[in-house]
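# Topology and contacts: notes
Each chain is listed here by its residues.
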Amino acid sequence: MSLSLKMEIDTVEDVTCLNPELLQLPEVSPFALKTTPLLVDDLFSQWLSLPETGNLVKSLINDAKAGTAINACANFSNVNAVGSNSLPSMFSSVNAPPLSPRSSSGSPRSSKQKSSPSALGSPLKLFSDPMQEVIPQFYFQNGRPPTKELKEQSLSKINHLFNNPLNGLVIDEFKTVTKEVCKLPSFLSSALFRKIDVDCVGIVTRDAFITYWVDGNMLTMDVATQIFEILKRPGNRHLTQVDFRPILRELLATHPGLKFLQNTPEFQDRYAETVIYRIFYHMNRSGNGRLTRRELKRGELISAMQQADEEDDINKVLRYFSYEHFYVIYCKFWELDTDHDFFIDRENLIRYGNHALTYRIVDRIFSQAPRKFAGDVEGKMGYEDFVYFMLSEEDKSSEPSLEYWFKCIDLDGNGVLTPNEMQFFYEEQLHRMECLALEPVLFEDILCQIIDMVAPEREDCITLQDLKGSKLSGNVFNILFNLNKFMAFETRDPFLIRQEREDPTLTEWDRFAHREYIRLSMEEDVEDASNGSADVWDESLEAPF
């Protein structure tokens, strides 16, 4: 640009600001402009050097001096029409990108700037409200509320069952509500009734039930959570053994398979205790006596309760509730408890299974290595402790049993079984084989056999995880401290193998309890016949049933 032209431009006092779109330059990448800011100056200099640009500027200056209205757009359109074929030297006519389309009403951006200027006053900065996505609620502190359809169905059943002059039900009438509305086992009826009847008025009204079951969102909870909420005491986050006693009392009072016990309340209590001990043995894996909701969901108790409510023969409910299983456990304890003080000591336990166990493993049990005794009598095991022992001894394939015996063999408590620890317990087994004139098996050979059965990650030690990953882990413990079962494993009784193949769903405990119940019942029949033939007999010598 010449100096005279620049001076003429500077002398103009009222020069219209040019629209940036009048440049009519091809599109340039914003990234290129940002990285090379001098490119804009170069483009502007090239635009000013065009002949058409000089004519336009002179025309605008003359119009400004004359005081006429300035129409820059019209002037430039004429110039552009004349010089449309001449492009800046930096763009060739062949490779130039196309211009963005222009409407007859002007630039869309310009029209938007005039109609809705931004708050900052800049026509180039426009902001729009971001799209707000509505996320549905997925957490409910008191449980997910029921759907409208489910709520209406439940209210219809509730209105039908509570349709009486009292507008409520007493405890004997509440069982129908428990089964039809709540879909829970019938022997939970009393516990649910007392949960709602907090004031102990002896009646549950329609409104009180709706408040607890429908408005309290119990309707949408899973069965395990419903039972957990019904049984647990206020303020607790876990279940204790005491919380299960009400449902066991109702089961004993209402189940047809347990009616024969109604005249023997002592054995009713023993049955209820045994069932509760078995539940906590299998499900309370932490062993702290506090059953959590998660443990309740992961166990098999809910399905066992539902089966017990539908099955008239309680002995078919093998999980927890079988009376035959209770009979076997209690009779075994009664046989060992010679003075019937409801405690057994070391010498009593040595006689278990026809002296099957070694002294060393019995000493470990009474040192409370696998489990702290529930009783307070020094050096004696109570009934609850015996239930844990017997379930572990007769089914060494279960995880609670593996954990029980692992703690016994792990003398230093470091979480691994070393060859020295296993040899310590096997030495007594070896001595017993020699005394019984059996062919002894050296520990070196036994260790190789154990390693082959367990296949641990490290050959110099065995972890609890190694044992849980092998189906033959139970035999490892039999080798170390139960001579009778060790010999049975070595001989491989084909009859027992065939039994296992015929019904693989039965556990080792199920098979043992079935065999023992038959044996005990036959002995009781013989004893009854023998006692009946005598004129006088001592009632204290009778079997406990």
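Criteria and cut-off values
Residues numbered from 1 in each chain as written. Predicted model: local features only at pLDDT ≥ 70, side-chain atom pairs only at ≥ 80, totals over all residues. Heavy atoms only, no water. Helix = DSSP H or I, 4+ residues; strand = E, 2+ residues; numbered from the N terminus. Buried < 20%, exposed > 50% of the residue type's maximum accessible area, 1.4 Å probe, protein only. Contact = heavy atoms within 4.5 Å. Areas by Shrake-Rupley, 256 points an atom, 1.4 Å probe, with all protein chains shown as cover. Axes fitted to C-alpha atoms, helices over the stretch in contact; angles between N-to-C directions. Parallel < 35°, antiparallel > 145°, perpendicular 65-115°, else oblique. Core = buried A, V, L, I, M, F, W, Y, C linked by side-chain atoms within 4.5 Å. Domains from an automatic or database assignment. UniProt positions renumbered as here; feature names shortened; annotations may be inferred. Expected span 1.5 Å × (residues − 1). Bend = angle between axes of the 7 residues up to and from the residue. Phe/Tyr/Trp six-rings, centres within 6.5 Å; stacked < 30°, edge-to-face > 60°. Lys NZ or Arg CZ within 6 Å of the ring centre and 35° of its normal. Salt bridge = Lys/Arg side-chain N within 4 Å of Asp/Glu carboxyl O.

Let us now look at the overall build of the protein chain. Per the secondary structure count, the protein chain includes 28 helices and four strands. Each of the 545 residues in the protein chain was classed as buried or not, and the buried ones make up 38%. When contacts within the protein chain are restricted to residue pairs at least 6 apart in sequence, those whose partners lie at least 24 apart make up 61%. A total accessible area of about 32300 Å² is found for the protein chain, and carbon and sulfur atoms account for 53% of it.

Right, let's get into the packing of helix H19 (residues 359-366) against helix H22 (residues 419-435). Two elements in contact, H19 and H22, have axes whose closest approach is 8 Å; the angle formed by their N-to-C orientations is 130°. When the axis of H19 is compared with that of H22, the two are oblique. When H19 is examined against H22, the residues Tyr359, Arg360, Ile361 and Arg364 are found in contact with a partner set consisting of Phe424, Phe425, Glu427 and Glu428.

Another aspect to go through is the nonpolar core. One finds Phe209, Trp213, Tyr271, Phe321, Leu349 and Phe389 to be the most contacted residues of the largest nonpolar core, which totals 116 residues. Per-domain counts for this core show at least three residues from each of domain 2 (144-220) and domain 3 (343-521). Leaving out residues up to four positions away in the same chain, phenylalanine 321 has contacts with Leu251, Tyr271, Val275, Arg278, Leu301, Ala304, Met305, Ala308 and Ile314.

Listed under "domain: EF-hand" (unreviewed entry) in the UniProt record, and renumbered for this structure, are residues 397-432. The span residues 397-432 shows a helical share of 69% and a strand share of 6%, and its end C-alpha atoms are spaced 25 Å apart.

Before going further, it helps to examine unusual backbone geometry. With a phi close to 55°, histidine 340 is a non-glycine residue in the positive phi region. When its relative accessible area of 37% is taken as the criterion, histidine 340 is described as partly exposed. Within the chain, alanine 455 stands out as a residue other than glycine whose phi angle is a positive 55°. The exposure class assigned to alanine 455 is exposed, which follows from its relative accessible area of 58%.

On to H22, then. For H22, which comprises 17 residues, the first-to-last C-alpha distance of 24 Å matches the rise-based estimate of 24 Å (1.5 Å per residue) to within 8%. Along its length, H22 reaches its greatest deviation from straightness, about 30°, at phenylalanine 425. Every buried residue of H22 is listed here: Glu421, Met422, Phe425, Tyr426, Glu428, Gln429, Leu430, Arg432 and Met433. Backbone geometry just after H22 places alanine 437 at a positive phi near 60°.

Right, let's get into the packing of aromatic side chains. Inspection of every chain in the model, using the stated rule, returns 34 aromatic pairs. Their ring planes at 75° and their centres at 6.0 Å tell us that phenylalanine 267 and tyrosine 330 sit as a pair that is edge-to-face. On the criterion of sequence distance, the pair formed by phenylalanine 267 in helix H13 (residues 265-283) and tyrosine 330 in helix H16 (residues 323-336) is long-range, its members being 63 residues apart. For the pair phenylalanine 267 and tyrosine 330, a shared accessibility class is recorded, and that class is buried. Between tyrosine 404 and tryptophan 405, the ring centres sit 4.9 Å apart and the planes meet at 80°, which makes this aromatic pair edge-to-face. What makes tryptophan 405 buried here is its relative accessible area of 0%. The ring of tyrosine 352 is capped by lysine 332, whose NZ or CZ atom sits 5.8 Å from the centre of that ring.

Right, let's talk about the side chain of threonine 358 for a bit. Examined against the element boundaries, threonine 358 turns out to sit in the loop between helix H18 (352-355) and H19. Here threonine 358 falls in the buried class, since its relative accessible area comes to 0%. For threonine 358, the contacting residues outside a window of four places in its chain are Ile350, Glu428, Gln429, Arg432 and Phe481.

This model, assessed by the stated rule, comprises 24 salt bridges. Note that lysine 485 and glutamate 393 form a salt bridge whose closest N and O atoms lie 3.4 Å from each other. One end of the pair, lysine 485, is in helix H26 (residues 483-491); the other, glutamate 393, is in helix H20 (residues 383-394), with 92 residues separating them in the sequence. The partner of lysine 468 in a salt bridge is glutamate 399, with the nearest N and O atoms 3.9 Å apart. Within this pair, whereas lysine 468 is found in helix H24 (residues 464-468), its partner glutamate 399 is found in helix H21 (residues 399-409), the two being separated by 69 residues in sequence. The class of lysine 468 is partly exposed, set by a relative accessible area of 27%. The network of salt bridges with common partners includes Arg285, Glu399, Glu403 and Lys468.

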